[in-house]
Amino acid sequence: MARLFERRLVPADSPAAIMATTSAAFLAAMLAAAFLFVSYDASPFQAYYALFHEPFATLRGFGYSLVRASPLALIALGTIVSWRSGFSYLGFEGCFVVGAAAAGWVALLTAQGAAIGPIPFILFLPLAILAAYLAGGAWAGIVGLVRARLGGNEVLISLMSNYVAIFILQYLVSGPLRAPGSLPESRLFPKGSWLPFILPGTRAHAGILIAIAAAGIVWVLLKKMPLGYEFIVTGFSPSAARYAGIDVGRRLLLASFFAGGLGGVAGLTEALGSQHRLMDGISGGVGFVGIVVALLARLNPLAVIPTALLYGGMSVGADAMQRRASIPSSITFILQSLAVLLVLAFDVLRYYKINFDFRRGTPSSTAPQVSE
Amino acid sequence: MKDFLEMRNIVKRFPGVVANNRVNLTIRAGEIHALLGENGAGKSTLMQILYGFHSMDSGEIRMDGKQIRLDSPKDAIALGIGMVHQEFMLVRPFTVVENTVLGMREGRGPLLDLEQASRKLQELSNRHGLALDPAARVGSLPIGVQQRVEILKLLYRDASLLILDEPTAVLTPQEKDQLFAILRKLKQDGRSVVIVTHKLKEIMECADRVTVMRDGQVVATREVRETSEHELTRLMVGRDVNLRAIKPERKPGAAVLQVKDLRVEDESGREKVCGLSLEVHAGEILGVAGVDGNGQSELAEALLHLRRIEGGQVIVNGADVTSRSVAEHRAGGISYVPADRRRVGSVPEMSVADNAILGQQRKYVRGLFRDLDEARKSAEKLTARFGIRGSGIDQGAGKLSGGNLQKLILGREILRGSAVLVVEQPTRGLDVGAVESVWQELIRARQEGKAILLISAELDELLNLADRIAVMFEGRIMGIVDAVAASVEVIGLMMAGIRPAGAANTGATMKEAPSGETV
Ligand SMILES: Nc1ncnc2c1ncn2[C@@H]1O[C@H](COP(=O)(O)OP(=O)(O)OP(=O)(O)O)[C@@H](O)[C@H]1O
Ligand SMILES: [Mg+2]
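None of the values given here were measured: they were computed from a predicted structure.

Calculation notes
Residues numbered from 1 in each chain as written. Chains lettered and ligands numbered in written order. Predicted model: local features only at pLDDT ≥ 70, side-chain atom pairs only at ≥ 80, totals over all residues. Heavy atoms only, no water. Helix = DSSP H or I, 4+ residues; strand = E, 2+ residues; numbered from the N terminus. Contact = heavy atoms within 4.5 Å. Lys, Arg positive; Asp, Glu negative; His and termini not counted. Charge placed at Lys NZ, Arg CZ, Asp CG, Glu CD. Buried < 20%, exposed > 50% of the residue type's maximum accessible area, 1.4 Å probe, protein only. Axes fitted to C-alpha atoms, helices over the stretch in contact; angles between N-to-C directions. Left-handed = near helix turned anticlockwise from the far one by under 90°. Nonpolar A, V, L, I, M, F, W, Y, C, P; charged D, E, K, R; others polar. Salt bridge = Lys/Arg side-chain N within 4 Å of Asp/Glu carboxyl O. Domains from an automatic or database assignment. Buried area = accessible area lost by both parts, 1.4 Å probe. Expected span 1.5 Å × (residues − 1). Phe/Tyr/Trp six-rings, centres within 6.5 Å; stacked < 30°, edge-to-face > 60°. Lys NZ or Arg CZ within 6 Å of the ring centre and 35° of its normal. Polar contact = N/O pair within 3.5 Å; in protein donor to acceptor, adjacent residues only side chain to side chain. Pairing = 2+ DSSP bridges. Arc of directions from axis to C-beta. pLDDT = per-residue confidence, 0-100. Near = heavy atom within 4 Å. Parallel < 35°, antiparallel > 145°, perpendicular 65-115°, else oblique.

### Digging into the overall build of chain A
- From N to C terminus, chain A includes 13 helices and two strands.
- With the principal axes as the frame, chain A shows a C-alpha extent of 90 × 60 × 35 Å.
- Taking all contacts inside chain A whose residues are at least 6 apart in sequence as the whole, residues at least 24 apart take part in 75%.
- Between the averaged position of the 25 positive side-chain charges in chain A and that of its 15 negative side-chain charges there is a distance of 3 Å.

If you want it as structure tokens, here you go:
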């Protein structure tokens, strides 16, 4: 009873299968979105050229792609740590904001005449990362604590906590940290606290290096360390984790702290690397887009950097497209969302295998001899 | 009797194994057909093909002489084929009716007519003598009743072929008798039943024909009247299995595990273990008998501190460990083989190698990192010594057959080398060969001087393995008897909560010598 497409009981989960379905989904999304260009009398080829040429084939554009990718990647990594541990955290927007605020605060303290005063960058950076990490970690950790001790629902609590963080930043930049002037924003950080630019002639900053290092660390944690093993067991089956002597509550707490810390560092890269000051609306939704990047990367830490680069690059390309071909950048968002939807939907394909010799496999008499 | 259904030359491969290799099976109308075979022989796979759950690689299926196509369980149901899986697939928070109509369209329009379904269900359950309340929540029903729900669900869809995959593994003896009575009635209706089981006695008791599988192939089909347990075992395992454990004489040593006046509650705050005391000595197997749900699981969980202890003491080797955490117990003296192997004892999504170190993840480390080589080596050792059959240690543990998964968990816990071993239902769902090897391993652990608490619903198992048998009823120990002198009747009475004369003073506390009470 051989057929061309045959259903599998479990999805094919080899890297090749995942790559194949993901690319197919992406192509399908681009094909579907191509129709949207038609109403603008634009050729889809030209539009896609504009979309991908700028971010990936020009130095300046590539620099911007790196800038966008860094916080996305860090938040995606946070998502991986928390979700693989069974902690469905959605509060990265908040972690990002408190992390940015903490890093910015440390940066302002190192200004001429401020509490700390100028210190060498080599001392400043660890201090700022620590502050951002602790702030983000504590922010998510509170939700972890509520879940572990009181059994609250982390999805709702973490979503709501985003608003609290955003309002705190609003308060800070319109009150205590406000720079003289009309806009609710802080003073410019001292130059000595900026993340160094890494590609001459572009805005690309060292944030991407931090993200790459973090991807390595998360991969090692989950794959190579006993703590990561315990996280994953907890994520799959809390009852088996308890049986194995793993303190589920404490692991959740730890996972939420680790994850939130990564979100906080994402805020640091944005504040110290690209804005160089604190302002209202600094997050602009990366806390959610980062979660999408993690999903697209299949919760695999090593796939996060390329995925974030692709996703960040597309938003850079969207702006270019709007400038050059006056095609609204919202089409790119439609494309991105379609890509996510289709990548998730195409998962179904991994449940099928293609039977190349389906014509030969006629029933009964010609059943192949099996020996093993 | 005419052939009703025929499977011909069925081939099914999984990565690394041929689960079914040119299998032929015929089922007659109005017969109970037993399917027998070792763990991993391919019984569940074959039945799942018949239920449209797996696709086959080649072969054909005929019903009443006509070839049929089964692409999904929907097709199977439409043709009157129904299945109760090895692991039940009921939705626990739903009621009985809701579960029954799940995936079906009843009545007109988009709305479910639960009223009508409920009436039909009631009528069905009366006709077949399956007492059941359609409005009860499935999660709150005992396993035996949940199974009745599964069967009713099939009858509701008017199945003419019912497939039951190891239906008796979780039943009490009474529930089992009831099940067989139901099956006989279904047979009289002209329906056919395929029952997968490892228990030869049950086959002799209720089946008409039996097909024996081995390594994915059918070895033989026999009329039950014309065969014997002995022959079936030979066909299945390829050798004689003497399911009588030979326990070497052994003087029990000092008391290793002492439980004093233990009190434990369940989730809803009902007391499940009420002031229970017992002692297990080094080199001794203390059996705990009892109908499922009389506090045995709660007792085991409390010993590991997986469940809060409300009162009393647990003492291991003279040290009070009552308030130790699970991790401390795992590192220290107690190993535990839980009854629920898929949700508690293992993580099915993870590999065999990863499961082999579950509970010892902090032991297999080198510096900061996991010692993956060492972990893999011990997994290899485990699979070799306990004969775990699958396609290697990188396979997902969830893909192991039930019996092999059980061996993996048991082996892991035995090899840890702790002084106390708490074992719950160790041979549930295992084939005779596997039962034999599990028994031997338990006896070997006893010889090594471990103190073993063996909780089992199988009286045979307890009589064979245990030195003493404690009978639990409603959270208390009704009495403790010496296994050699024990009679099944007396234990049965105590399991029902009746304390026979002569065992009266054994009561809740057991301070005297390890020889216990003889009845
Ligand atoms: N989904 C799957 N993927 C890969 N291998 C599988 C899968 N399901 C079963 N197998 C393998 O196929 C073989 C037959 O398994 P099956 O579950 O049919 O055995 P069984 O006879 O029902 O055993 P048991 O008595 O333990 O339930 C085993 O080697 C098992 O590991
Ligand atoms: Mg099976």
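### What to know about the environment of alanine 179 of chain A
- Looking at where alanine 179 of chain A falls in the secondary structure, it is placed in the loop between helix 6 (154-174) and helix 7 (207-224).
- Looking at alanine 179 of chain A, the relative accessible area reads 12%, which means it is buried.

### Remarks on the packing of helix 3 (residues 59-84) of chain A against helix 11 (residues 286-296) of chain A
All names here are of chain A.
- As a packed pair, helix 3 and helix 11 sit with axes 7 Å apart at the nearest point and diverge in direction by 65 degrees. Seen from above, helix 3 lies across helix 11 with right-handed handedness. Of the residues in helix 11, those touching helix 3 at Leu72, Ile75, Ala76, Thr79, Ile80 and Trp83 are Val286, Gly287, Val289, Gly290, Ile291, Val293, Ala294 and Leu295.
- Grouping the amino acids of the contact of helix 3 with helix 11 by side-chain chemistry returns eleven nonpolar, three polar and no charged.

### Brief notes about the pattern of salt bridges
All names here are of chain B.
- Taken as a whole, this structure holds 39 salt bridges over all chains when the rule is applied.
- Here arginine 468 and glutamate 284 are joined by a salt bridge, their closest N and O atoms 2.6 Å apart. Taken together, the positions of arginine 468 in strand 21 (residues 468-473) and glutamate 284 in strand 13 (residues 284-289) put the pair 184 residues apart, joining distant regions of the chain.
- Judged by its relative accessible area of 1%, glutamate 284 falls in the buried class.
- Here glutamate 413 makes a salt bridge to arginine 412, at a shortest N to O gap of 3.0 Å.

### Focus on the domain arrangement of chain B
Residue and element names in this part refer to chain B.
- By the assigned domains, chain B splits into domain 1 (3-237) and domain 2 (255-495).
- For domain 1 and domain 2, the distance between their C-alpha centres works out to 31 Å.
- With 19 residues of domain 1 at the contact, the number on the domain 2 side is 16 residues.
- Of the roughly 1,400 Å² buried between domain 1 and domain 2, counting both surfaces, carbon and sulfur atoms make up 49%.
- Our enumeration of links across domain 1 and domain 2 arrives at four salt bridges.
- For the side of domain 1 that touches domain 2, the elements supplying multiple residues, two or more each, are helix 7 (200-206) and helix 8 (229-237).

### Side note on helix 5 (residues 121-150) of chain A
All names here are of chain A.
- Its 30 residues place the ends of helix 5 42 Å apart at the C-alpha level, agreeing with the 44 Å of an ideal helix rising 1.5 Å per residue.
- What helix 5 keeps buried is the set Phe124, Ala128, Ala131, Ala132, Gly136, Gly137, Trp139, Ala140, Gly141, Val143 and Gly144.
- Of the residues trailing helix 5, glycine 151 is marked for its positive phi of about 70 degrees.

### What about the packing of aromatic side chains?
- One pass over the structure, following the stated rule, counts nine aromatic pairs over all chains.
- Here the aromatic rings of tyrosine 89 of chain A and phenylalanine 92 of chain A are separated by 5.0 Å at their centres, their planes lie at 90 degrees, and the arrangement is edge-to-face.
- Judged by relative accessible area, which is 0%, tyrosine 89 of chain A ranks as buried.
- On the basis of relative accessibility, which here comes to 0%, the residue phenylalanine 92 of chain A falls in the buried class.
- These aromatic residues form a ring-pair network of at least three members: Tyr133, Phe231, Phe257 and Phe258 of chain A.
- Over the aromatic face of tyrosine 156 of chain B sits the side chain of lysine 120 of chain B, whose NZ or CZ is 4.3 Å from the ring centroid.
- The ring of tyrosine 243 of chain A carries the charged tip of arginine 330 of chain B above its face, separated from the ring centre by 4.4 Å.

### Quick look at the interface of chain A and chain B
- Taken together, the contacts link 33 residues of chain A with 48 residues of chain B.
- Joining chain A to chain B, the criterion identifies one salt bridge.
- Measuring nitrogen to oxygen at the nearest pair gives 3.0 Å for the salt bridge that ties arginine 362 of chain B to glutamate 230 of chain A.
- Inspection of the chain A/chain B interface yields twelve residue pairs in polar contact (both at pLDDT 80 or more).
- Contributions of two or more residues to the side of chain A that touches chain B are made by strand 1 (5-7), helix 7, helix 8 (226-236) and helix 9 (238-243) of chain A.

### As for the sheet that holds strand 8 (residues 192-196) of chain B
Residues and elements named next belong to chain B.
- Within the open sheet, the six strands sit side by side as 6-7-8-3-9-10. Their pairing is mixed. Strands at the two margins of the open sheet, each flanked by one partner only, are strand 6 (81-84) and strand 10 (217-223). Shown here is a sheet whose adjacent strand axes are inclined to one another by a mean of 20 degrees, direction ignored.
- Where strand 9 (residues 209-214) meets strand 10, six bridges bridge the pair, whose relative direction is antiparallel.

### Considerations on helix 7 of chain A
Residues and elements named next belong to chain A.
- Here helix 7 spans 25 Å end to end across 18 residues, near enough to the 26 Å set by a 1.5 Å rise per residue.
- When helix 7 is considered as a whole, its buried residues turn out to be Gly207, Ile208, Ile210, Ala211, Ala214, Ala215, Val218, Leu221 and Leu222. Buried residues in helix 7, looked at end-on, bunch into an arc of 145 degrees, giving them a common side. Looking at helix 7, the residues exposed on the side facing more than 90 degrees away from the buried face are Ile217 and Lys223.
- In this structure, the buried side of helix 7 is in contact with helix 3, helix 5, helix 8, helix 10 (248-275) and helix 12 (301-325).

### Some details on the pairing of strand 1 (residues 3-14) of chain B
Residue and element names in this part refer to chain B.
- Across eight bridges, the pairing between strand 1 and strand 2 (residues 17-28) is antiparallel. Each residue of the ladder has a partner; that of leucine 5, found in strand 2, is isoleucine 27.
- Between strand 1 and strand 2, which pair antiparallel and follow one another directly, the connecting turn spans two residues, one of which, glycine 16, has a positive phi of 90 degrees.
- In the sheet, strand 1 pairs with strand 4 (residues 58-63) via five bridges, with the strands oriented antiparallel. Along strand 4, the bridge assignment pairs glutamate 6 with arginine 62.

### A look at the confidence of the model for chain B
Residues and elements named next belong to chain B.
- In the predicted model, chain B carries a mean pLDDT of 85, and 93% of its residues have values of at least 70.
- Counted against residues more than four places away or in other chains, residues 504-519, with its pLDDT under 50, gives 33 contacts.
- Confidence metrics for the complex model read pTM 0.83 and ipTM 0.83.

### A word on the sheet that holds strand 5 (residues 66-68) of chain B
Residues and elements named next belong to chain B.
- The strand order across the open sheet formed by four strands is 2-1-4-5, and the pairing between neighbours is antiparallel. A strand with exactly one partner marks an edge of an open sheet, and here the two such strands are strand 2 and strand 5. In this sheet, adjacent strand axes meet at a mean angle of 25 degrees when their direction is disregarded.
- Docked against the sheet, helix 1 (residues 43-50) engages strand 1, strand 2 and strand 4, running at close to 120 degrees with respect to strand 1.

### Overview of the site of ligand 1
- Inspection of the region around ligand 1 gives 20 residues, with Asn39, Gly40, Lys43, Ser44 and Thr45 of chain B positioned closest.
- What surrounds ligand 1 is not a single chain but chains A and B.
- Within the backbone of glycine 40 of chain B, an N or O atom sits 2.7 Å from an oxygen atom of ligand 1.
- Within the contact set of ligand 1, an oxygen atom lies 2.7 Å away from a side-chain nitrogen or oxygen of serine 44 of chain B.
- Only strand 2, helix 1 and helix 13 (402-415) of chain B provide two or more residues apiece to the shell around ligand 1.
- Considering every element that reaches the shell around ligand 1, the biggest residue donor is helix 1 of chain B, with three residues.
- Here the residues of the shell around ligand 1 are counted per class, giving five nonpolar, eleven polar and four charged.
- There are two domains that each give the shell around ligand 1 at least three residues, and those are domain 1 (3-237) and domain 2 (255-495) of chain B.

### Brief notes about the packing of helix 11 of chain A against helix 12 of chain A
All names here are of chain A.
- Running from N to C, helix 11 and helix 12 point in directions that differ by 125 degrees, and their axes come no closer than 9 Å. In this view, helix 11 runs oblique relative to helix 12, as classed from their interaxial angle. Our pair here, helix 11 against helix 12, has a crossing hand that is right-handed. Residues Val289, Val292, Val293 and Leu296 of helix 11 touch helix 12, and the partners they reach there are Val304, Thr307, Ala308 and Tyr311.
- Looking at the contact of helix 11 with helix 12, its residues break down into seven nonpolar, one polar and no charged.

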